[in-house]
Amino acid sequence: MASVSDAVATAPELVAQSFGGNTLERTLPARRDTDFLSKALPAARLLLVLGRGVCVRAQADASGAPKELASLSLEELEQLGIVPSSNGTGMRLNTGGASLPQPYLLGQDAASVLRLVLDASDAGDALAERLASAGLQVADLRALMPQLEATELAVAGHAVALSQWHVAHRFCGRCGAEQVPIEAGAKRQCTADPRHRVYPRTDPVAIMLVESAAGDAALLGRPRSLRGRGAVLTCLSGFIEQGEAIEEAVRREVAEEAGVPVGPVQILGSQPWPIGRGGGCELMIGCVAKAVADEIHTDQEEMEEVRWVSRANVLEAVAASAHPDNPYYGNSTGAPAEGGLDFFIPPPWAIAHHLIKAWASRPVPWFSSRL
Ligand SMILES: [Zn+2]
């Protein structure tokens, strides 16, 4: 089998991906100080999250301008009825008494302001009216993808991922005792044995554009998990298993889902995906791969459909992906009305779009015919 270095493709750098490009400085050794949070709170800005919802400033008009994250001062939080709890680390509602976890550090911005996230999920009902009267609203992170500035979306994604990780790791996986956040939320530590620590988790996912043996078609599919989205096709993808290289995962996943044997694999870029399956934070690792034979044997359990799509039709699908009828926008489950295509591909907020576009924009096979 040819090595990856035999591939002739000079890989274009994939454009900045949604949820990437976080400009906050994360390396802050002072977070290890036990009184870091109490010192930081008075001058920090806090972002409220409720589940996968993020607090944004409500827009008075329909101008289509990007929404703005609500980065609140301690005073603004107090006006919402959220005050530091008496133990000095957590927060609570001043009426009703709902206790909230401690804030977690996201990083420091260019103006040296510390940005924190506060998970207010447990106060959702009590907060709703207060947020509305303060001109704030909670918006789903997925819906915010096309509505926030890129760097703010990255901060929002980190905030949701970190909060969801803390929620899912309340107890020690080794001994069952309670775990508590340490270092401003950068880790959790067991209350029975301090050697039992866990770190925020990211699950790697390989996502791949597979080109045909002749290099003139792309393998696209619709997993059963997208049932109900309508006529969509996208790149194949799957979790990377323990002890598996990215390239090996690509070959295994394509063989499992489509029965297509794959040779060389080239890694092009990656995208953080904080709205992953089961509340997890995934890292999508984007690849282009070369099929060594074209016959498809679809895994009917996992995939509704897998097919080869010609470069011309892929280019057409790229151009049509911004159409408002694209089911990925949540407005329609219809197929494209124009152009004769019977499917949509993901819009530009997904790395799949950029893999598909990068491949289709090259008028020749991605990999050398020597392979
Ligand atoms: Zn333990």
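Here the structure is a predicted model, which is why all the values come from computation and not from measurement.

Here the focus is the overall build of the protein. Tallying secondary structure elements over the protein gives eight helices and 19 strands in all. Across the 371 residues that make up the protein, the buried fraction comes to 49%. Here the contacts in the protein between residues at least 6 apart in sequence split such that 65% fall between residues at least 24 apart. For the protein, the exposed area adds up to about 17000 Å²; of that, 50% sits on carbon and sulfur atoms.

This part covers the sheet that holds strand 11 (residues 179-182). The three strands are arranged 11-12-13 in an open sheet whose pairing can be described as antiparallel. In the strand order of this sheet, the two ends are held by strand 11 and strand 13 (197-198), each with one partner. Direction of pairing for strand 12 (residues 187-190) relative to strand 13: antiparallel, over a ladder of two bridges. Residue Q189 lies in a different strand from strand 13, and its bridge partner there is R197. Strand contacts of helix 5 (residues 150-167): strand 11, strand 12 and strand 13, with the helix running at about 10 degrees to strand 12, the strand carrying the most contacts.

Its 18 residues place the ends of helix 5 26 Å apart at the C-alpha level, agreeing with the 26 Å of an ideal helix rising 1.5 Å per residue. For helix 5, the tally of buried residues reaches 14 of 18 residues, placing the bulk of the element in the interior.

What follows deals with the side chain of H158. Positionally, H158 belongs in helix 5. Filtering out sequence-adjacent residues up to four positions away, H158 remains in contact with N22, R26 and L106.

Attention now goes to the packing of helix 7 (residues 311-320) against helix 8 (residues 351-360). Contact geometry for helix 7 and helix 8: axes closest at 9 Å, N-to-C directions at 135 degrees. Considering their axes alone, helix 7 and helix 8 lie oblique with respect to each other. The handedness of the crossing between helix 7 and helix 8 comes out as left-handed. Of the residues in helix 8, those in contact with R311, V314, L315 and V318 of helix 7 are H353, I356, K357, W359 and A360. In terms of residue class, the contact of helix 7 with helix 8 is made up of six nonpolar, one polar and two charged.

Here three strands make up an open sheet; going across it, the order is 5-6-7 and the pairing antiparallel. With one partner strand each, in any of the chains shown, strand 5 (82-84) and strand 7 (99-100) form the two edges of the open sheet.

A separate point is the coordination of the zinc ion. Protein-derived coordination of the zinc ion comes from C172 (SG), C175 (SG), C190 (SG) and H196 (ND1), at a distance range of 2.3 to 2.4 Å. Here the zinc ion is ringed by four donor atoms whose angles at the metal span 98 to 120 degrees, and the overall shape comes out tetrahedral.

Secondary-structure assignment places E253 in helix 6 (residues 246-258). A relative accessible area of 7% means that E253 is categorised as buried. The contact partners of E253, leaving out residues within four places of it in the chain, are M208, S237, G238, F239 and A258.

Every buried residue belonging to helix 7 is among R311, V314, A317 and V318, and all of these are buried. Here the buried residues of helix 7 occupy an arc of 115 degrees about the axis, which is enough to place them on one side. Facing away from the buried side of helix 7 by over 90 degrees, the exposed positions are A312 and A319. Close packing links the buried residues of helix 7 with strand 14 (203-211), strand 15 (217-223), strand 19 (303-310) and helix 8.

Attention now goes to the nonpolar core. Membership of the largest hydrophobic core comes to 53 residues, with the highest contact counts inside it found for V54 and L209. Mapping this core onto the domain boundaries places at least three of its residues in each of domain 1 (4-18 + 202-360) and domain 2 (33-168). Those residues in contact with V54 that sit more than four places away from it in its chain are L47, L48, V49, L69, Q137, V138, A139, L141, L144, A156 and V160. If you look at the next biggest cluster of nonpolar residues, it comprises 29 residues, including L50, C55, L80 and I82.

Parameters at a glance
Residues numbered from 1 in each chain as written. Predicted model: local features only at pLDDT ≥ 70, side-chain atom pairs only at ≥ 80, totals over all residues. Heavy atoms only, no water. Helix = DSSP H or I, 4+ residues; strand = E, 2+ residues; numbered from the N terminus. Buried < 20%, exposed > 50% of the residue type's maximum accessible area, 1.4 Å probe, protein only. Contact = heavy atoms within 4.5 Å. Areas by Shrake-Rupley, 256 points an atom, 1.4 Å probe, with all protein chains shown as cover. Pairing = 2+ DSSP bridges. Axes fitted to C-alpha atoms, helices over the stretch in contact; angles between N-to-C directions. Expected span 1.5 Å × (residues − 1). Parallel < 35°, antiparallel > 145°, perpendicular 65-115°, else oblique. Left-handed = near helix turned anticlockwise from the far one by under 90°. Nonpolar A, V, L, I, M, F, W, Y, C, P; charged D, E, K, R; others polar. Donors = N, O, S within 2.8 Å, 3.2 Å for Na, K, Ca; no water. Tetrahedral: all angles 85-135°; square planar, octahedral: opposite > 155°, others 65-115°. Arc of directions from axis to C-beta. Core = buried A, V, L, I, M, F, W, Y, C linked by side-chain atoms within 4.5 Å. Domains from an automatic or database assignment.

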